[in-house]
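Working through the structure, step by step
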Amino acid sequence: MLVLAGGAGGAIAFAGPTLVQRLGLVAPAPASLPPVPHAALGPLPADAPVPTPQGLSAALDEDAADMPGKFAGIVIDPATGTELWAHTPERALVPASTAKLITAAAAMLVLNPTDRLLTRVVTGPDPGTVVLVGGGDPTLTALPDPEKSLYPGAPSIVELAEAVRKKAPGPIRRVLVDTSRYTADGLAPGVSQGDVAAGFITPIEPVMLDGGRIDPSLQDGPRVSDPALTAARAFADELGVDDVEKGTAPPDATAIAAVSSAQLSELAEFALRASDNVLAEVLAREVAIGREAEPSYAGAAAATLAALRQAGIDTTGAVMVDGSGLSTQDQVPARLLGRVLAAAASPAKGPFDTQFLRPVLTGLPVAGGVGTLDERYALDGRAAAGRGVVRAKTGSLTGVSSLAGVVTDVDGKLLVFALMSNGVSPAVVRPLHDAMAAELSRCGCRRP
C-alpha cells in the first residue's frame, strides 16, 4: 500500500499497484544469485566439486576480452595443480608488488622460518670503540615503545644501547657500523631516487631503523638515504657518543649485546600484508646468503628464482632485478605467480613439503579487511561478494596493476588465481581485477 501525506484530511491511502508499477517504470526483479560465501576461515570440504574450464570461461572470458591494455590471467586448482582457466598465462608482464610472492616463497624454501635477524654490538679494533654489526634486520626501531612499531616484534635500539652501557668493557668514545653483510649497490635498476623521498624504498643495508623511515609511524613515509649511518648515529646518541663512522668488526671481536627480529615467517607475512618493499628486499638478500650467492640486487634476484626452480616451480619467462617488485624492469608470467600460490595452497606433499610455504597464504591481504585490500571490495560495488573471501597480494605501479591470491567458491572449493595488467592506469584496471576475483567466489562454474 502506498501512503501519501494529505492536507487537513490527513493521509491518503492507495491500495493495489502503484503508479510507477502500472506504468512499467520499475526494474525487473533481479535474477537469483548463488549464496554469498561465509567469510569465516575454516576447514574446506575435501570433496568440493571442481569448476569446469567451460564454466570458468563463461564467467571470466568476457571480462578478460574487455580488459584494456595488456592482460594475462590464470586460475589453478591447487589440489591437483590443474590449470582450469587461462588467458595468455605465459605472457611476461611487469608484476609490481605481486613479485613479493616469489620472494616470500623463496625465503620460506631457503631459510629456517623460525630464525630471526640479529643486530649485534661487539668490541672494536681499539679500546673505547664498539661496532654495531648489521645482521639484516630493518625492523630495529627507535620508538621508545617498540610495540608501537609498524613491524611485528620489533627490537629496540634504546634497549640495545642500555645493554651495551651495562656490559661494555670500558668507557665508549666511538661507534663504528659494519654493513659488510650486504653488497652496497644503491637502488635497483628501474627504481628512481624519487622513490626514496616518496617513501617506497631506501638503499638496502643490513642495519637500519624502522625500515629507514624518517617518521616510524608512516608505512610509506619518506625514507633516509643513508639508513645504516642514521641507525648508528641514533645508537651513538643513546650512548652519548659523537664519533660515528662506517667500519668493520675485528675477526676476534668480543660480543657485548644483541637484539633480534621476529621470526622470518612473521616478517614474510608482514612484507606481503603491508607490501613492505624494504623488508622484501632484505628477505631476498637473505635468500642469496642462504644459497651462497652475492647479497646484491642481482645476486638476490638470481638466487630467488633458482630456489623456486630447485623446488620444482617453473620460472620460464621470468626476469627479476629486485625482490620487491618496485622495479619497472621485472617481468613475470601470470603462470609463475599462480604456480607459487598453488604450491603454497597444495594439500599434498610434492617434491618439497608445502607446509613451509604456508606463510605465503597467511600473509595475504584480505578483501575489505586487512592489508593492502582493506579499502577495496566496497559493499556497494560489483566486487562486494569478494569481501572476506578473496585473499590476495596486490601490485601497483604507473600503468601496472596485478592481483594474485586465493578464493573459496560457493561450493567450498579453494582456487588460486593471478591477474595482471600493463599499460593502463590502476584506477581503471583495479576494479576489473577485483570483480573477476569476486566472480570466482560467487560462481560454482560447473557448466559441462
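**Re the state of the cysteines**
Here the structure, examined in full by the defined rule, presents one disulfide. Note that C443 is cross-linked by a disulfide to C445, the S-S spacing being 1.4 Å. Classification of the bridge connecting C443 and C445 rests on its S-S torsion, roughly 130 degrees, and on that basis the disulfide is right-handed. For the residue pair C443 and C445, the accessibility class agrees, reading buried in each case.

**Overview of unusual backbone geometry**
Although it is not a glycine, Y377 adopts a positive phi angle of roughly 65 degrees. We note that C445 has phi near 50 degrees; this positive angle belongs to a residue other than glycine. Secondary-structure assignment places C445 in the segment after α12 (426-442). By relative accessible area, which is 7% here, C445 ends up buried.

**A look at the packing of aromatic side chains**
Summed over all chains, the structure comprises one aromatic pair. If you follow R285 out to its NZ or CZ, it ends over the ring of Y297, 4.5 Å from the centre.

**As for the sheet that holds strand β10 (residues 255-263)**
Pairing in this open sheet of five strands is mixed, and the strands run β9-β8-β7-β6-β10 from one edge to the other. Two strands close off the open sheet at either side, each with one partner strand: β9 (243-246) and β10. In this sheet, adjacent strand axes meet at a mean angle of 20 degrees when their direction is disregarded. Judged from the five bridges that link them, strand β7 (residues 129-133) and strand β8 (residues 174-178) form a sheet pairing that is parallel. When the bridges of β8 are listed, T129 appears paired with R174. In the packing of helix α4 (residues 157-167) onto the sheet, contacts are made with β6 (116-123), β7 and β10, and the angle to β10 comes to roughly 160 degrees.

The rules behind these values
- Residues numbered from 1 in each chain as written.
- Predicted model: local features only at pLDDT ≥ 70, side-chain atom pairs only at ≥ 80, totals over all residues.
- Heavy atoms only, no water.
- Disulfide = S-S within 2.5 Å.
- Buried < 20%, exposed > 50% of the residue type's maximum accessible area, 1.4 Å probe, protein only.
- Helix = DSSP H or I, 4+ residues; strand = E, 2+ residues; numbered from the N terminus.
- Phe/Tyr/Trp six-rings, centres within 6.5 Å; stacked < 30°, edge-to-face > 60°.
- Lys NZ or Arg CZ within 6 Å of the ring centre and 35° of its normal.
- Pairing = 2+ DSSP bridges.
- Axes fitted to C-alpha atoms, helices over the stretch in contact; angles between N-to-C directions.
- Contact = heavy atoms within 4.5 Å.

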